[in-house]
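# Architecture and fold: a report
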Amino acid sequence: MSDPMDQGELAAAARAAVELARKKGAQEVAAGAYRARHVEVSWRDGQLEKVSEATSRGLGFELYVDGRYSAVGTSDLRPEALDRFLGDAVALTRKLEPDPFRTLPDEKLYHPRAQVDLELEDPSHEALTPARRREIVAEVEAAARAVKGAGAILSVTTSFSDSHSTGFRVHSNGFEGSSRGTDFWIAAEVSAKDPDGRRPEDWSAVGSRFYAALPDAAGVGRTAAERALSRLGSRKGESAVLPMLVENRCAARLVSFLFGALSGGSLQQRRSFLEGKLGEEIGSPALDIRDEPHVKRGFGSRLYDREGLASKPFRVFEQGRLASYYIDTYYGKKLRMAPTTRGPSNLAWGPGVGDQAELVRAVGEGILVTGFLGGNSNGTTGDFSLGAQGFRIRGGQLAEPVGEMNVSGNHLELWHRLAAVGSDPYPYSAMRTPSLLFEGVQFAGL
């Protein structure tokens, strides 16, 4: 491949690889050819800390041989090397235990594929220069050190990264699909010195599929610094049962526990607290979430999933009722359930009632959680225990910072306490979580 970014050459490589694997003895084959380039510049306290650029390319295979299955990959694309690699891979697959549930997807599920431009690739990506990347990271630090109270700042670390990927996937039962995408990220981490010797820290980050759509870089530095400085004087709050308002950017931690229990693997292996609850009320009416794969420029957008199933929007939770699991072909056969899709794309939440400031006023007395620290969640039982930090809410206003708190409970009980969702989805994640307000949450502190 003289120009590995050329999708025509990737397509030719994937098609030829499928044919070669079949000649070696595989009855069915899925092959994906890819190339990805990632550049990152890190800056720390006025100095360039790291510049890295990595380009990878290769072929990945799923081989179905005499009722057996293996997934293998190689970056050596020379014809003679690929011939030897696939011969060995097919021979090794024959040594594995048979697994009758491993097959390619039903080809009917490859269709209909949406005819929409998801706008996932920035055509101007190559125009981004090393000098501009360096200017950005320096600009972010300068903005962080210019905020009020910056004398308490101990350290500022900033970074800029961008990626460009392209791929082509072919299945021996008729699927073909291509993908291209770019993303750009600016981030800052700031630590400060508290009078009592502690070193609170916080961060900020923004991202976009298109470089021109990135928010102001200086704003990233200011936000990170202001958040870190706002943690000065943080103390452990009192133990109490209070409303808990979870900031949109950290709400994904809670939501990830919920969605982890929706996978076919968790269900089949009896590791899901949502097993057998399809159609049941597992949350309040405010729990209303759709899977939306066709959002333009979305971080989770796609026309087909990782096994080629055509993507389509569907409800996951409808006014508290569990409406769908994430089931792929393999676990669908084991569970005797129809496949939906292998995993989430973009999430879209039900109607919100206001932004964070409006929800703080509505809460009156409670705690705004801005970060979950450590802890764990048991996927089988739904029991969880998480460290938390944030701010006390008093009289509908943010008050003193609090930390070293603990929130514990069970997800099946917690989501019934969801009183409201905000109208402020976090834009830099496929989960797009809004602020989440829970009533009557037990906080453990002093």
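Use the structure listed above.
Residues numbered from 1 in each chain as written. Predicted model: local features only at pLDDT ≥ 70, side-chain atom pairs only at ≥ 80, totals over all residues. Heavy atoms only, no water.

### Some remarks on the side chain of E141
Within the secondary structure, E141 is located in helix 3 (residues 130-144). A distance of 2.8 Å separates a polar atom in the side chain of E141 from the backbone nitrogen of G46. Each residue touching E141, except ones within four places of it in the same chain, is listed here: W43, D45, G46, V156 and T158. (Helix = DSSP H or I, 4+ residues; strand = E, 2+ residues; numbered from the N terminus. Polar contact = N/O pair within 3.5 Å; in protein donor to acceptor, adjacent residues only side chain to side chain. Contact = heavy atoms within 4.5 Å.)

### Here we look at the sheet that holds strand 10 (residues 314-318)
Spatial ordering of the open sheet is given by 11-10-9-12, a layout of four strands whose pairing is antiparallel. The sheet is open, and its two borders are formed by strand 11 (321-322) and strand 12 (347-349), each paired with just one other strand. (Pairing = 2+ DSSP bridges.)

### What to know about the sheet that holds strand 1 (residues 28-44)
Read from one edge of the open sheet, six strands run 3-2-1-4-5-6, paired in antiparallel fashion. Each edge of the open sheet is held by one strand with a lone partner, namely strand 3 (68-74) and strand 6 (201-208). Across the sheet, the mean angle from the axis of one strand to that of its neighbour is 20 degrees, orientation sign disregarded. Where strand 5 (residues 176-192) lies against strand 6, eight bridges are found, and the strand directions are antiparallel. Its bridge partner lying in strand 6, S191 is registered against E201. Contacts from helix 2 (residues 79-93) reach strand 2 (47-65) and strand 3 within the one sheet, and its direction differs from that of strand 2 by about 60 degrees. Its contacts with the sheet put helix 4 (residues 217-230) on strand 4 (153-171), strand 5 and strand 6, and the angle it makes with strand 6 is roughly 155 degrees. (Axes fitted to C-alpha atoms, helices over the stretch in contact; angles between N-to-C directions.)

### Quick notes on the packing of aromatic side chains
Summed over all chains, the structure comprises 13 aromatic pairs. Between F61 and F85, the ring centres sit 6.3 Å apart and the planes meet at 40 degrees, which makes this aromatic pair tilted. Separated by 24 residues along the polypeptide, F61 in strand 2 and F85 in helix 2 bring together distant segments of the chain. Residue classification places F61 among the buried positions, given a relative accessible area of 2%. For F85, a relative accessible area of 21% corresponds to the partly exposed category. Relative to F438, the ring of W415 lies with its centre 5.3 Å away and its plane at 75 degrees, an arrangement referred to as edge-to-face. With W415 in the loop between helix 9 (411-414) and strand 16 (418-421) and F438 in strand 17 (residues 436-444), this residue pair connects regions lying 23 residues apart in the sequence. With respect to burial, W415 and F438 carry one shared label: buried. Clustering of aromatic rings is evident, with ring pairs tying together F259, F314, F317 and Y326. (Phe/Tyr/Trp six-rings, centres within 6.5 Å; stacked < 30°, edge-to-face > 60°. Buried < 20%, exposed > 50% of the residue type's maximum accessible area, 1.4 Å probe, protein only.)

### Considering helix 1 (residues 7-23)
Residue pairs three or four apart in sequence face the same way in an α-helix, which turns once every 3.6 residues. The terminal C-alpha atoms of helix 1 lie 24 Å apart, and with 17 residues this matches the ideal 24 Å at 1.5 Å per residue to within 8%. Every buried residue of helix 1 is listed here: Q7, L10, A11, A13, A14, A17, V18, L20 and A21. Among the structural elements, strand 1, strand 2, helix 2, strand 4 and strand 5 are those in contact with the buried residues of helix 1. Two residues or fewer after helix 1 comes G25, characterised by a positive phi angle close to 125 degrees. (Expected span 1.5 Å × (residues − 1).)

### Quick word on the side chain of H125
By the element assignment, H125 lies in the loop between helix 2 and helix 3. Among the residues examined, H125 registers a relative accessible area of 3% and is labelled buried. Side-chain polar atoms of H125 contact the side chain of E126, separated by 3.2 Å. A distance of 3.0 Å separates the side chain of H125 from the side chain of D162, its partner in a polar contact.

### Things to note about the pattern of salt bridges
Tallied over the full model, the rule gives 35 salt bridges. Note that D162 is salt-bridged to R133, the shortest N-O span being 2.8 Å. Residue D162 is located in strand 4, and its partner R133 is located in helix 3; the two are separated by 29 residues in the primary sequence. Residue class for D162 comes out buried when judged on its relative accessible area of 1%. Residue R133 is classed as buried on the basis of its relative accessible area of 4%. Across the pair R198 and D196 runs a salt bridge whose closest N-O atoms are separated by 3.0 Å. Overall, the relative accessible area of 42% leaves D196 in the partly exposed class. Here the residues in one salt-bridge network are D196, R198, R235 and E404, joined through shared partners. (Salt bridge = Lys/Arg side-chain N within 4 Å of Asp/Glu carboxyl O.)

These figures come from the coordinates and say nothing about function on their own.
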